[in-house]
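Here is what each chain is made of, one letter per residue.
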Amino acid sequence: MNKEYPGYVELHEKGELVKKVDSLYEMMQSCHLCPRRCGVARLKGEVGYCRAGAEVEISSFHHHMGEEPPISGWSGSGTIFFTHCSLRCVFCQNFPISQLGHGNKVSISRLAEIMLILQKKGCHNINLVTPTHFAPHVVAAVHIAVRQGLRIPLVYNCGGYEEILTLQLLKGVIDIYMPDIKYGENAQAKKYSNAPDYFDVAKKSVQEMHRQVGDLKLSPDNIAQRGLLIRHLILPHDLATSEKVLYFIKNEISPATYISIMSQYFPAYKAVDVEELQRKITNNEYRKILRLTQELHLEKGWRQS
Ligand code: SF4
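Residues numbered from 1 in each chain as written. Predicted model: local features only at pLDDT ≥ 70, side-chain atom pairs only at ≥ 80, totals over all residues. Heavy atoms only, no water.

## Regarding the pattern of salt bridges
Short version of the rule: When a carboxyl oxygen of Asp or Glu is within 4 Å of a side-chain nitrogen of Lys or Arg, the pair counts as a salt bridge. Here a helix means four or more residues in a row that DSSP labels H or I, a strand means two or more in a row labelled E, and each is numbered from the N terminus. Three exposure classes are used, based on accessible area relative to the maximum for each residue type with a 1.4 Å probe and protein chains only: buried under 20%, partly exposed in between, and exposed over 50%.
Within this structure, the stated rule accounts for 11 salt bridges. Across the salt bridge formed by arginine 211 and glutamate 208, the nearest N and O atoms sit 3.0 Å from each other. With a gap of 3 residues between them, arginine 211 and glutamate 208 both fall in helix H9 (residues 198–213), about one helical turn apart. What makes glutamate 208 buried here is its relative accessible area of 7%.

Shown next as structure tokens:
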């Protein structure tokens, strides 16, 4: 087994990948793929909180140069944007896709073909954007694509609000986890993402991800190979309670965690009607969080300006 290959290749060779597909689809019978645990029969077409049904839906796929440097590299990240989301963030910049349901159903074989197209374009990875509610379809597509030569790592680019059982089934399939930690307190998560247990769930989710893949490892030419990369978007008035997020990462994940501190918040979607969310962050708010990362010696990662 060539260790340069992503984990799903070995799982496929051992006959374990197909078992994971079956187990993940089983979770859709009474859907508990995410912490909402709606219990709807998605395979019979019922929809739950996220509004996803039996078939996978995507809005687009791209060769993308705008992700963090080791994800986009010099040759791009192969992003696939999945329709719907299990969070309802009032400020979501992708709301037409995540909340208004823009996108189209695709077959599993087409999803596999898209992964192979992105690999052929030279992308360093397949970047699965908001994949949680379609985890069974993703792994089923990988099971087809691996037999046709897929050999680049999968990036699980998610909101951090994950079901541990789903993550455990993804063990070995996903080489790079790229979750958000959106808030360091549940109260804000309840108010702005309708997820009253968000921080409790996100802490456990990110710990499980780190257990599986460890700190981010880069190739000699600085391309992500395997590991954890956490994103955190600063909100105005410190509504993301960033300090608590950073302390959690330092004390309960690893001080060597790669963190992408994002400053590009703007009032999108319903945030235009929420007074405290109606402005961008200030330079002072941004610098305060950067100072804190230095004081905590959280020095790996990227800062956007
Ligand atoms: S994936 Fe969707 S249907 Fe399933 S538990 Fe989560 S919100 Fe409910």
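So much for the structure itself; the text now carries on.
## Quick notes on the packing of aromatic side chains
The description of two aromatic rings rests on the distance between their centres and on the angle between their planes. Stated precisely, the cut-off is as follows: Here the aromatic set is Phe, Tyr and Trp, taking the six-membered ring for Trp, and pairing holds for ring centres within 6.5 Å; pairs whose planes are under 30 degrees apart are stacked, those over 60 apart are edge-to-face, and all others are tilted.
Under the definition given, this model contains 8 aromatic pairs. Each ring, one from phenylalanine 199 and one from phenylalanine 248, has its centre 5.9 Å from the other, and the planes form 75 degrees; the classification is edge-to-face. Highlighted residues: phenylalanine 199 in helix H9 and phenylalanine 248 in helix H10 (residues 242–253), separated in sequence by 49 residues. Accessibility classification places phenylalanine 199 together with phenylalanine 248 in one group, the buried group.

## Thoughts on the site of the ligand
Let me state the cut-off plainly: If even one non-hydrogen atom of a residue comes within 4 Å of a molecule or strand, that residue is called near it. In this classification, Asp, Glu, Lys and Arg are treated as charged, Ala, Val, Leu, Ile, Met, Phe, Trp, Tyr, Cys and Pro as nonpolar, and every other residue, Gly included, as polar.
Every residue close to the ligand is listed here: Cys31, Cys34, Arg36, Arg37, Cys38, Val40, Arg42, Gly48, Tyr49, Cys50 and His133. Split by residue class, the shell around the ligand holds 6 nonpolar, 2 polar and 3 charged.

## Here's the deal with the packing of H10 against helix H11 (residues 283–295)
Put simply, the rule is: Each axis is a line fitted through C-alpha atoms, and for a helix only the stretch in contact is used; angles between axes span 0 to 180 degrees, taken between their N-to-C directions. When describing relative orientation, an angle under 35 degrees is termed roughly parallel and one over 145 degrees roughly antiparallel, while 65 to 115 degrees is termed roughly perpendicular and anything else oblique. In this scheme, a crossing is called left-handed if the near helix is turned counterclockwise away from the far one by less than a right angle; it is called right-handed if the turn is clockwise. Whether two residues are in contact is decided by their heavy atoms, any of which lying within 4.5 Å being enough.
Interhelical geometry of H10 versus H11 gives an angle of 20 degrees and a closest axis separation of 11 Å. Looking at the two axes, H10 sits roughly parallel to H11. At the point where H10 passes H11, the crossing takes the right-handed sense. Listed contacts from H11 to Ser242, Glu243, Leu246 and Tyr247 of H10 are Ile289, Leu292 and Thr293. Residues belonging to the contact of H10 with H11 are distributed by class as follows: 4 nonpolar, 2 polar and 1 charged.

## A few points about the packing of helix H5 (residues 108–120) against helix H6 (residues 135–147)
At a minimum axis separation of 8 Å, H5 and H6 run at an interaxial angle of 65 degrees. The interaxial crossing formed by H5 with H6 has right-handed handedness. Contact residues: H5 offers Ile108, Ser109, Leu111, Ala112, Met115 and Leu116, while H6 offers His137, Val138, Ala140, Ala141, Val142, Ile144 and Ala145. Among the residues forming the contact of H5 with H6, the class breakdown is 11 nonpolar, 2 polar and no charged.

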